[in-house]
Amino acid sequence: MPSPAARRPTVRPVVFVEGVRTPFGRAREDGLYAHTRADDLAVKAVREILRRHPELPPERIDEVAVAATTQSGDQGLTLGRTVGVLAGLPRSVPGYAIDRMCAGAMTAVTTTAAGIGVGAQDVVLAGGVEHMGRHPMGLDADPNPRFVSEKLVSADALNMGNTAENLHDRYPALTKERADRYGVASQAKYAAALAAGQIEPDLVPVATRDPERGWGLATADEPPRPGTSFESIQDLKTPFRPGGRVTAATAAPLTDGAAACLLAAEDVAEELGLPARMRMVSFAYAGVAPEVMGIGPVPATRKALERAGLTIEDIGLFEINEAFAVQVLAFLDEFTIEDDDPRVNPYGGAIAVGHPLASSGVRLMTQLARQFAERPDVRYGLTTMCVGLGQGGTVIWENPHHADYEGYRPPTTTSATTTDGVQR
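Residues numbered from 1 in each chain as written. Predicted model: local features only at pLDDT ≥ 70, side-chain atom pairs only at ≥ 80, totals over all residues. Heavy atoms only, no water.

A. Up close: the pairing of strand S11 (residues 380-387). The element S11 is extensively covered by neighbouring structure, given that eight of its eight residues are classed as buried. Because side chains alternate across S11, one face comprises the buried residues Tyr 380, Leu 382, Thr 384 and Cys 386, and the other comprises Gly 381, Thr 383, Met 385 and Val 387, equally buried. Where strand S10 (residues 315-320) and S11 come together, five bridges link them in parallel fashion. Along S11, the bridge assignment pairs Ile 315 with Tyr 380. In terms of strand pairing, S11 meets strand S12 (residues 391-398) through eight bridges, oriented antiparallel. Paired with Cys 386 across the bridge in S12 is Gly 392. What sits between S11 and S12 in their antiparallel hairpin is a turn of three residues, with Leu 389 showing a positive phi close to 65 degrees. (Buried < 20%, exposed > 50% of the residue type's maximum accessible area, 1.4 Å probe, protein only. Helix = DSSP H or I, 4+ residues; strand = E, 2+ residues; numbered from the N terminus. Pairing = 2+ DSSP bridges.)

Here is the structure:
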């Protein structure tokens, strides 16, 4: 009988094949998706991936994992399974739902990638959706009173804005001026990326219907505020604390949207002729004090780097979710990175484009994959984010366009993009 060591499976390389997202809409009564179901947004993203990759037999998909933070109503009913059925996948394809709050889609990716790594799956779909207009963060949640009564967490840990203010308190170098300038820069970088054609290729248009305005087509993100200046945001209110430092200009707006991606074992991608846009190197999650949630990406990144045998100097591109400007600045200071380092969020971030909670992790990955194609000189990049109740998550990726990459090389053709919004 083989020893336990002999039975231990060999980890297979996992590649990121494709990522797409819907345009993001503002979570309000007159927002882009005010009358669109959350699960339909996720279906649209999945169907676009299938449309872009006709070389993939749908029956080869082994799992569908879809995340949502508030799993009720049109974000409930085991999203992975329901989205798979609604998207037209064979009934033999299973699916499930995931919740790690802001890192839902990131966790969908790492969980299914682990399954690929040990040979349980070959090809998976992973993603997330959040309709914050219909399901505000914390809706119907009933936090256990022991959290506060037994002083397990600080009372302000349950409000994300308060945790951002706490970061300003804990680290005096993270000033309001720095946060304001970072928020302005996020808007400017997003506008430049949009003008350069770096955003639209990853978007899938969504047909929308409004009882008063009739049918429409969502083709662009709604939250960005181009032309934002440092001077124009100085009089904004600080909603989380009188005289505070966090404003609407330095926080991600409440947002509706969905994102999905296709992952595969490297050898299976080669077999099917699927492009390998990134290879997963390592990932890690870490917990921190809930009242300073925003520092979570720091220990998560240290763990992911250690597991990969890399240092922060090896990372050539950073996609950091911008829940709040101060959270990004805390990460940069910990790793001695300048606020305006061009490696950080080259296309802007969630302060501009929005943060539909459970979907944002795949947005980060999709953008990093596009940047890898533009930057063959960069070998490693990472995606990282803070998570509610005091967590952080980080995934490190390798660029297959780099000269030292030794794995499967992707096809030279570029994935198709849709311009007419028709589901296929």
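B. Region of the structure containing the UniProt feature "active site" (unreviewed entry) in the protein chain. Sites flagged by UniProt as "active site" (unreviewed entry) map to Cys 102, His 355 and Cys 386. A maximum C-alpha distance of 11.9 Å among these annotated residues, which run over 285 residues, shows that they cluster at one spot. Tracing the backbone through its elements, the reader meets Cys 102 in the loop between strand S4 (95-98) and helix H4 (104-117). For Cys 102, a relative accessible area of 6% corresponds to the buried category. With respect to the helices and strands, the residue Cys 386 is situated in strand S11. Setting aside residues up to four positions removed in sequence, Cys 386 forms contacts with Cys 102, Met 293, Gly 294, Pro 297, Ala 323, Gln 327, Gln 391 and Gly 392. (UniProt positions renumbered as here; feature names shortened; annotations may be inferred. Contact = heavy atoms within 4.5 Å.)

C. Representation of unusual backbone geometry in the model. For Thr 78, which is not a glycine, the phi torsion comes out positive at approximately 50 degrees. With respect to the helices, strands and loops of the structure, Thr 78 is situated in the loop between strand S3 (63-67) and helix H3 (79-86). One non-glycine residue with positive phi stands out, namely Asn 345, at about 45 degrees. Considering the arrangement of structural elements, one finds Asn 345 in the loop between helix H10 (325-334) and helix H11 (350-353).

D. Broad picture of the UniProt feature "domain: Thiolase N-terminal" (unreviewed entry) in the protein chain. Residues given the UniProt feature "domain: Thiolase N-terminal" (unreviewed entry) here are residues 14-267. Annotated as 29% helix and 19% strand, the span residues 14-267 places its first and last C-alpha atoms 9 Å apart.

E. How the structure looks around the packing of aromatic side chains. In the structure shown here, the tally under the stated rule is five aromatic pairs. Ring geometry for Phe 16 versus Trp 397: centroids 5.8 Å apart, planes at 80 degrees, classification edge-to-face. Taken together, the residues Phe 16 in strand S1 (residues 14-21) and Trp 397 in strand S12 connect sequence positions 381 residues apart. According to the relative accessible area criterion, Trp 397 is buried, its value standing at 0%. Arranged with centres 6.2 Å apart and planes meeting at 70 degrees, the rings of Phe 318 and Phe 331 form a pair that is edge-to-face. Linking Phe 318 in strand S10 with Phe 331 in helix H10, this pair joins segments that are 13 residues apart in sequence. The burial state of Phe 318 is the same as that of Phe 331; both residues are buried. Here the guanidinium or amino end of Arg 21 rests over the ring plane of Phe 24, the centre of that ring lying 4.4 Å away. (Phe/Tyr/Trp six-rings, centres within 6.5 Å; stacked < 30°, edge-to-face > 60°. Lys NZ or Arg CZ within 6 Å of the ring centre and 35° of its normal.)

F. Here's a closer look at the pattern of salt bridges. According to the stated counting rule, one finds 26 salt bridges in the structure shown. With its nearest N and O atoms 2.9 Å apart, the salt bridge here joins Arg 37 to Asp 39. Residue classification places Asp 39 among the buried residues on the basis of a relative accessible area of 9%. A salt bridge links Glu 48 to Arg 51, with the shortest nitrogen-to-oxygen separation between them at 3.1 Å. Here the residue Glu 48 and the residue Arg 51 both occupy positions in helix H2 (residues 38-52), the gap between them amounting to three residues, near one helical turn. Both residues of the pair, Glu 48 and Arg 51, count as buried. Put simply, Glu 18, Glu 48, Arg 51, Arg 52 and Arg 277 are held in one network by salt bridges that share partners. (Salt bridge = Lys/Arg side-chain N within 4 Å of Asp/Glu carboxyl O.)

G. Geometry of the pairing of strand S9 (residues 278-287). The pairing of S1 with S9 spans two bridges and is antiparallel. Bridging from a neighbouring strand, Phe 16 pairs with Met 278 of S9. Strand direction decides the pairing type here: S9 and S12, joined by eight bridges, are antiparallel. Looking at the pairing, Arg 279 lines up with Glu 398 of S12.

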